[in-house]
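# Examining the three-dimensional arrangement
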Amino acid sequence: MVNSRVEASAVAVTGGGGGSVGRTCAGCGGRIADRFLLFSMERYWHTRCLKCSCCHAQLGEIGTTCYSKGGMILCKNDYIRLFGHSGACSACGQSIPASEMVMRAQGNVYHLKCFTCATCRNRLVPGDRFHYVNGTIFCEHDRPGGALLSSHLTSLQGNGMMPDQKVC
């Protein structure tokens, strides 16, 4: 992975029985006396306590992997939604800290400073309209096929232009 601070951890379901005597849950701090317990990130958890910080899904029920970044415990879907597949910006390739706000387009994640028009380099902000063509972002003014760009983008026309997108 690009960001070494991201930890992907297995979620192991273990039979508690009498063997869990003295184990403390990393989530609630209570003693684990349940029949089953989870072991993840080198700690023990009640099955009800190991939850995704975003969607609150019980991680032992939805898969065998969880992610830890910036003090958050995340399911795979929320990790990808927040940080992309690699945890890196799709424009510059640098890691994205867990505390940083991001922009998203077509499943890609960007630093705020990297979410810019490919032509004029102006930064796009929430509410701006943009076009996403073959992985490239264009502002509304510089959209492919626009009068100002018709001489520069003839090779892009007809190459799967997406409908207008709006930054949310």
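Values in this document were obtained by computation on a predicted structure and should not be read as measured data.

Counting its secondary structure elements, the protein contains two helices and eleven strands. Put simply, the protein runs from its N terminus to its C terminus through helices and strands in the order β-β-β-β-α-β-β-α-β-β-β-β-β. By residue count, 35% of the 168 residues in the protein fall in the buried class. Within the protein, contacts between residues separated by at least 24 positions form 34% of all contacts whose residues are at least 6 apart in sequence. Surface exposure of the protein reaches about 9,400 Å², of which carbon and sulfur atoms provide 50%.

The phi angle at Arg 121 is positive, at roughly 65°, despite the residue not being glycine. Positive phi outside glycine occurs at Asn 134, with the angle close to 50°. Checked against the element boundaries, Asn 134 lands in the loop between β9 (129–133) and β10 (136–139).

Our focus in this paragraph is the packing of aromatic side chains. Across all of its chains, the model carries four aromatic pairs by this definition. Relative to Tyr 44, the ring of Phe 39 has its centre 4.7 Å away and its plane inclined at 50°; by these criteria the two rings are tilted. Judged by relative accessible area, which is 28%, Phe 39 ranks as partly exposed. A centroid spacing of 5.4 Å and a plane angle of 80° characterise the contact between Phe 115 and Phe 130, whose relative ring orientation is edge-to-face. A residue pair is termed long-range when its members are at least 10 positions apart, and Phe 115 in the loop between β8 (108–111) and β9 and Phe 130 in strand β9 qualify at 15 residues.

On to the pattern of salt bridges, then. By the definition in use, this model includes one salt bridge. Among the ionic pairs, Asp 34 bridges to Arg 48, the shortest N-O distance being 3.2 Å. Residue Asp 34 is found in the loop between β2 (12–15) and β3 (36–40), and its partner Arg 48 is found in the loop between β4 (43–46) and α1 (59–62); the two are separated by 14 residues along the sequence. Relative accessible area serves as the criterion here: at 23%, Asp 34 is assigned to the partly exposed category.

About the thresholds
- Residues numbered from 1 in each chain as written.
- Predicted model: local features only at pLDDT ≥ 70, side-chain atom pairs only at ≥ 80, totals over all residues.
- Heavy atoms only, no water.
- Helix = DSSP H or I, 4+ residues; strand = E, 2+ residues; numbered from the N terminus.
- Buried < 20%, exposed > 50% of the residue type's maximum accessible area, 1.4 Å probe, protein only.
- Contact = heavy atoms within 4.5 Å.
- Areas by Shrake-Rupley, 256 points an atom, 1.4 Å probe, with all protein chains shown as cover.
- Phe/Tyr/Trp six-rings, centres within 6.5 Å; stacked < 30°, edge-to-face > 60°.
- Salt bridge = Lys/Arg side-chain N within 4 Å of Asp/Glu carboxyl O.

Structural measurements only, silent on function.
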